[in-house]
Every structure is written in C-alpha cells, then in structure tokens.
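Letter by letter, the chains look like this.
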Amino acid sequence: MSGGQGHDGPPVDPAGIGQSVSALAGTRCLVLGGAGFLGLNLCNRLAQAGAEVTCFSRSHPQAEDLDRRVVRVTGQFSDRLAIANAVERQDFVFHLIAGSIPESSNRDPSAELAAAPIATLHLLEICRSARIKKVVFASSGGAIYGIPRATPIPEQAPTDPISAYGISKLMIEKSLHLYRHLHGIDYQILRIANPYGRFQLGNKHQGLIGSYIHRVLADLPLEVWGTGDVVRDFLHVDDVSDAFLAAVGYDGPHKVMNVGSGAGLSVNQIIAELEAAFGRERLPCLYKPSRAADVPANVLDTALIRSELGWQPQVALRAGLTSTIEWMRVHLAASHRSGAP
C-alpha cells in the first residue's frame, strides 16, 4: 500500500490562495458553525491571514482550540436577532452550519428540511440588508450528487440526493442562486468531499477517518458498514481551509465548485493506510449491514477549482493521517486528565 494521495514535486502556493490571504487582512469575517470541525480550522486560518474573525456557534469552543484573536459569539442559527447582530458590519459570511449527518437525517426528513434551509433564507435576508460582500457556503460533495452515473463527478452531474441531509444542502444552494438573481448577493458554493484532521472528534460519528482513529486509540473495533468496498474521496482539513480562502477573492462565473482529492479510496484501503500509520499488522473490524444513505462510490472531479482558483490539495494522505493521529492522542489524553467523557 502506498502513502495515499501524495503529490509529486515541491508544494506550490496557488495564486488564488496567496491573493486571497493578502486581501483578507483587515476584513471582517463571520464563520457560522465556527465551533465545529471545519469551523475551528477556518477561524484559525482566517485569523492567521489577518482577518477580524467572529465565531458564531451554539456553544463556546475550547479556549485552547481557537485563536485568541477570534471573537466568540454563541446563539442558535434559528434565532434571527442573534444572527442579525452577528452579521452586522461583517464583510464576508462563511456558512458552515449543517443540520445533521446523511444517515440520521433520513430518520426524520421533515425536521431536517425545516431547519437549516429555512434559517438560511432568513440569513440571506439579513445579509441583503447588511450589504454583505459574499456568502461562502460549505455544501456536501458526498451527499448532493446521490448515486453517480460515473466517477469522478463533475459539478454539472445530476443532483439526486438519497438523504434528507443532501436535499437540505441542495435547497440552500438553490436559495443562494435565487438571492443572487433577485438581490445581487454574491456567493460561492464549495461541495466538499470527506475532510479529516484536527478538531474532528471521532466519537460524534462525523467523518470515517476521525471515527476510526478515535476507535483505534480507544481499543475499539472499526465499524465497517457493508463489505468495505465503498469508495470515498478524502482530503485534509488544511486543504479545505485553503479552498475557502481562495473562494473569497474569486469573481468568475462558476458559483459551484467541488473540493476533493480527485482520487478515490475504499474503506478497506483506508483501514490498510491506518494500519500502516499506526504500525499495526491488523486492526480489528466489526462488519455491519450496509446503510441506505451510503452511495457505493463518490469521487469528485476537481478540474474546475484547480483551473479557476489555482487550488490543489497539498497534504498527502499518509502525512495527514499521522498528524491527525498525534492530535487525537493529545486531545484524548487532555480529556482524560480533565475528566471529560
């Protein structure tokens, strides 16, 4: 087994990212869902770029996780007054709030579709009044396409989600398009594959790699739904953060872009990579029946974002797994010392 999705040659500094980092200095950025996995990483990356960052979330993140320069605001996404206060005087809004996860969303589709899409419509009204420069939305490259006709999947592929979660994301995408048509609000949609990395808490069933690393460190078997032949597109969270930064300064015609590695790996291959990263000959697995919300294969075509933004993933899989394992070791040790569950 190789080291995964490595990249030949020295790292490059994509032009779109470098320009966006420079342009972000001094701008005011609101990250909705800032205490989540993607949100924490993005808040820190924006602060490092010199932006004035506000993290909006349901609960305060751990102080040691978030850059001290980031302003913390707590509130519910459904609370219009709280959102209006957070949006006021901002330049850019990053919408990273998700309702649930694909598998659980199908248990109560009506609740899923009544939550984030409706709250997003209220958000867009607020952004229109506040004259926000751009809304950047974290959509799902894994759930929005449904069962693909072929891989890798381009942005023009049919969108037929098989989970209420995917439908919710699609509804938000269409709402952004509507508000640009009606009111001229600029936006960018990033359809993100399967990110992993620091701050992904594996005990919350969000992210296969994070969950697997957590289970290995907790001496639990890896849960495999089906045969392990399901193929997914994995990329490190640092690459996702760079895509967000590059999207801010983009003013071209393509409002929807895939963000992925461009390469697919099966669950069984990920297990083999983790065995190598942990230095283990074999990790115990617990096989369970396939889930209705799981598509057999999902690999994103990333040609568009590479050509339009100059973005490409920089973190090779083996290096990303190793750094994530080390972060989670430290996190779990700190949790045990503090008596957290």
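Worth saying up front: this structure is predicted, and the values here are computed from it rather than measured. Along each chain, residues carry numbers from 1 onward, in the same order as the chain's sequence is written. Local features in this predicted model are restricted to residues whose pLDDT is 70 or higher, and side-chain atom pairs enter the listing and the counts only when it is 80 or higher, whereas totals over whole chains, interfaces and linings include all residues. To obtain the side-chain values, all non-hydrogen atoms of the structure were included, while hydrogens and water were left out.

Chemist: Got a minute to help me understand the overall build of the chain in this structure?
Modeler: Strands here mean DSSP runs of E at least two residues long; helices mean DSSP runs of H or I at least four residues long; both are numbered from the N terminus. Helix and strand counts for the chain come out as 11 helices and 13 strands. All radius of gyration figures rest on C-alpha atoms, and the globule criterion is 2.2 Å times the number of residues raised to 0.38. Scaling as 2.2 N^0.38, a compact globule of 341 residues should have a C-alpha radius of gyration of about 20 Å, and the chain matches this with 19 Å. Going through the 341 residues of the chain one by one, you find that 50% of them count as buried. Each accessible area is a Shrake-Rupley result for a 1.4 Å probe, and residues are judged covered by the shown protein chains and nothing else. Accessible surface, the chain: about 15,300 Å² in total, of which carbon and sulfur atoms supply 51%. Under the convention used here, Asp and Glu are negative, Lys and Arg are positive, and both His and the chain ends fall outside the count. Every charge is mapped onto a representative atom, which is NZ of Lys, CZ of Arg, CG of Asp or CD of Glu. Of the charged side chains in the chain, 31 are positive and 32 negative; the average position of the first set lies 4 Å away from that of the second. Working definition: with a 1.4 Å probe on protein chains only, accessible area under 20% of the residue-type maximum means buried, over 50% means exposed, and in between means partly exposed.

Chemist: Honestly, helix H8 (residues 237-248) in this entry has me stumped. Any pointers?
Modeler: An α-helical turn contains 3.6 residues, so a residue and the one three or four places further along point in the same direction. When the terminal C-alpha atoms of H8 are compared, their 17 Å separation across 12 residues agrees well with the 16 Å that a helix rising 1.5 Å per residue should span. Across the 12 residues of H8, 11 count as buried, placing the element largely inside the fold. When H8 is considered as a whole, its buried residues turn out to be Val237, Asp239, Val240, Ser241, Asp242, Ala243, Phe244, Leu245, Ala246, Ala247 and Val248. The span expected for a helix works out to 1.5 Å for each residue beyond the first.

Chemist: I keep staring at helix H2 (residues 37-48) and nothing clicks. Help me out?
Modeler: Helix length check: H2 (12 residues) gives 17 Å between terminal C-alpha atoms against 16 Å at 1.5 Å per residue, within 8%. Burial of H2 is extensive: 10 of the 12 residues sit out of reach of the surface. Taken as a whole, H2 has its buried residues at Phe37, Leu38, Gly39, Leu40, Asn41, Leu42, Cys43, Asn44, Leu46 and Ala47.

Chemist: Explain the side chain of glutamine 200 here, please?
Modeler: Following the sequence through the fold, glutamine 200 ends up in the loop between strand S7 (194-196) and helix H7 (208-217). By relative accessible area, glutamine 200 is classed as buried at 4%. Within the structure, glutamine 200 has its side chain in polar contact with the backbone nitrogen of glycine 210 (distance 3.3 Å). Contacts are residue-level and defined by heavy atoms, with any inter-residue pair within 4.5 Å sufficient. Those residues in contact with glutamine 200, other than ones at most four positions away along the chain, are Phe37, Pro195, Gln206, Gly207, Ile209, Gly210, Trp327 and Met328. Between N or O atoms, a polar contact is any pair within 3.5 Å; within protein, one atom must be a potential hydrogen donor and the other a potential acceptor, and residues adjacent in sequence are included only when both atoms are from side chains.

Chemist: Just to check I follow, could you spell out the sheet that holds strand S11 (residues 256-259) for this structure?
Modeler: Strands pair in a sheet through their backbones, by hydrogen bonds, and they do so in one of two ways: parallel or antiparallel. The parallel open sheet is built from seven strands, whose spatial order is S3-S2-S1-S4-S5-S6-S11. Since the sheet does not close on itself, it has two edges, and those belong to strand S3 (71-74) and S11, each with one partner. The average undirected angle you get between the axes of adjacent strands in this sheet is 20°. Any two strands with at least two DSSP bridges between them are considered paired. For helices, the axis comes from a line fit to the C-alpha atoms of the stretch in contact; other axes are also lines fit to C-alpha atoms, and the angle between any two N-to-C directions lies between 0 and 180 degrees.

Chemist: I'm lost on the confidence of the model for the chain in this one. Help?
Modeler: Low pLDDT marks regions whose predicted coordinates should not be analysed in detail. Confidence of the predictor at the level of single residues is captured by pLDDT, which takes values from 0 to 100. For the chain, the average pLDDT comes to 91, and 93% of its residues sit at 70 or higher. Low pLDDT (under 50) marks residues 1-15, which in the prediction has 31 contacts with non-local residues, meaning those over four places away or in another chain.

Chemist: Teacher, can you tell me more about the packing of helix H5 (residues 109-130) against helix H6 (residues 164-183) here?
Modeler: Where H5 meets H6, the closest approach of the two axes is 9 Å, and the angle between their N-to-C directions is 20°. Here H5 is positioned roughly parallel relative to H6, judged by the angle of their axes. Considering how the two elements wind past one another, H5 and H6 form a crossing that is right-handed. Touching Pro109, Glu112, Leu113, Ala116, Pro117, Thr120, Leu121, Leu124, Glu125 and Arg128 of H5 are Ala164, Tyr165, Ile167, Ser168, Met171, Ile172, Ser175, Leu176, Tyr179 and His183, all from H6. Side-chain classes follow a simple rule in which Ala, Val, Leu, Ile, Met, Phe, Trp, Tyr, Cys and Pro form the nonpolar group, Asp, Glu, Lys and Arg form the charged group, and the remainder, Gly included, forms the polar group. A class-by-class count of the residues in the contact of H5 with H6 yields 13 nonpolar, four polar and three charged. Roughly parallel refers to an angle under 35 degrees, roughly antiparallel to one over 145, roughly perpendicular to one between 65 and 115, and oblique to any angle outside these ranges. Left-handed is the label given to a crossing in which the near helix is rotated counterclockwise from the far helix by less than a right angle, and right-handed is the label when the rotation is clockwise.

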